[in-house]
Amino acid sequence: MANIKKILFLDIETAPLTASYAELDPVLAHLWDEKTEQMKKRAPERYDEGCSGETMFQEAGIFAEFGRVVCISVGIIYEVGNELHLKEKSFYGEDEKKLLTEFADLLNRHYNVVNAYKDEENNYLCGHNSKEFDFPFIARRMLVHGIHLPEILNVGGKKPWECRFLDTMEMWKFGDYKHFTSLKLLCAIFGIPTPKDDIDGSQVAGVFYNEKDCDRIAKYCEKDVLATARVYLRMNGMESIKDENVEGTFKN
């Protein structure tokens, strides 16, 4: 089992590359149109014939080729006495290259793999549905910006047991690859409190481009990091983190 103190819990928020389809580079707009035609063919029950690249542009934020990272929130667990504490930090703002560079620097300084065969000595990254979304999205956007991949993210050619990724959704699947369970649902069934926010993932792009309120996005992202850490602890039979033991960008 991974050493809980060597796990970096994280969550990201993303948005389309531009505020609107009309602002997209013409070459990328054409390629997005091709992408949406493929999406319509693969899921005809979801999209009607009237759907176009422009009307489907709000979905661009989930694809690294047509989206961007607007926030990465991270958290580490430490002990004070017999209680677990969580310290959070967020990298966010309008300059995607800057926030990705700062995050890469954090990984390079503190989260490189130490020993491929001794779990207790290694660092891990943990998120919810992170193997399918967060980790590859971050790595792809780093490459787009010419940022050298930190070793822990550079998994090309590595064997599965050499990758230091943990995923609470994968843990919950127990090998059932068809099963998708949201973080919110896991919190509900485990009795883990989740705050009632005025924002959800579908609203991030609007808050980023229209309201230009990156602080609001980061607050939302940090709450998901806390929820992920609590789910991980619960699934490993460990004590949870009390609200008063959370320290972060927006907490005293």
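Structure first, text after, so check above.
In this text, all values refer to a predicted model and were calculated from it rather than measured experimentally. (Residues numbered from 1 in each chain as written. Predicted model: local features only at pLDDT ≥ 70, side-chain atom pairs only at ≥ 80, totals over all residues. Heavy atoms only, no water.)

Along the chain, the position of T18 falls in the loop between β1 (7-16) and α1 (26-42). In this structure, T18 is in contact with E23, L24, F57 and Y209, ignoring residues within four places of it in sequence. (Helix = DSSP H or I, 4+ residues; strand = E, 2+ residues; numbered from the N terminus. Contact = heavy atoms within 4.5 Å.)

Located in the positive-phi region is N129, a residue other than glycine, with phi close to 60°. Secondary-structure assignment places N129 in the loop between β4 (124-127) and α3 (134-144).

Next up on the list: the packing of helix α6 (residues 204-211) against helix α7 (residues 214-235). Remark: α6 packs on α7, axes separated minimally by 9 Å, with the N-to-C direction vectors making an angle of 155°. Relative to α7, the element α6 is oriented roughly antiparallel. Residues V204, V207, F208 and E211 of α6 lie in contact with α7, whose contacting residues are C214, R216, I217 and Y220. Residue composition of the contact of α6 with α7, grouped by class: 6 nonpolar, no polar and 2 charged. (Axes fitted to C-alpha atoms, helices over the stretch in contact; angles between N-to-C directions. Parallel < 35°, antiparallel > 145°, perpendicular 65-115°, else oblique. Nonpolar A, V, L, I, M, F, W, Y, C, P; charged D, E, K, R; others polar.)

By secondary structure assignment, the location of L100 is in helix α2 (residues 96-110). We classify L100 as buried; its relative accessible area is 0%. Taking the C-alpha atoms as reference, L100 lies 8.3 Å from I72; in sequence the two are 28 residues apart. (Buried < 20%, exposed > 50% of the residue type's maximum accessible area, 1.4 Å probe, protein only.)

This part is about the pattern of salt bridges. A complete count under the given rule lists 11 salt bridges for this structure. The partner of E96 in a salt bridge is R141, and the shortest N-O contact between them spans 2.9 Å. Separated by 45 residues along the polypeptide, E96 in helix α2 and R141 in helix α3 bring together distant segments of the chain. The pair formed by E96 and R141 is uniform in burial state, with each residue classed as buried. The shortest N-O distance in the salt bridge between R230 and D243 comes to 2.6 Å. Here R230 is found in helix α7, whereas its partner D243 is found in the loop between α7 and β6 (246-247), with 13 residues between them in sequence. With relative accessibility at 6%, the residue R230 sits in the buried group. (Salt bridge = Lys/Arg side-chain N within 4 Å of Asp/Glu carboxyl O.)

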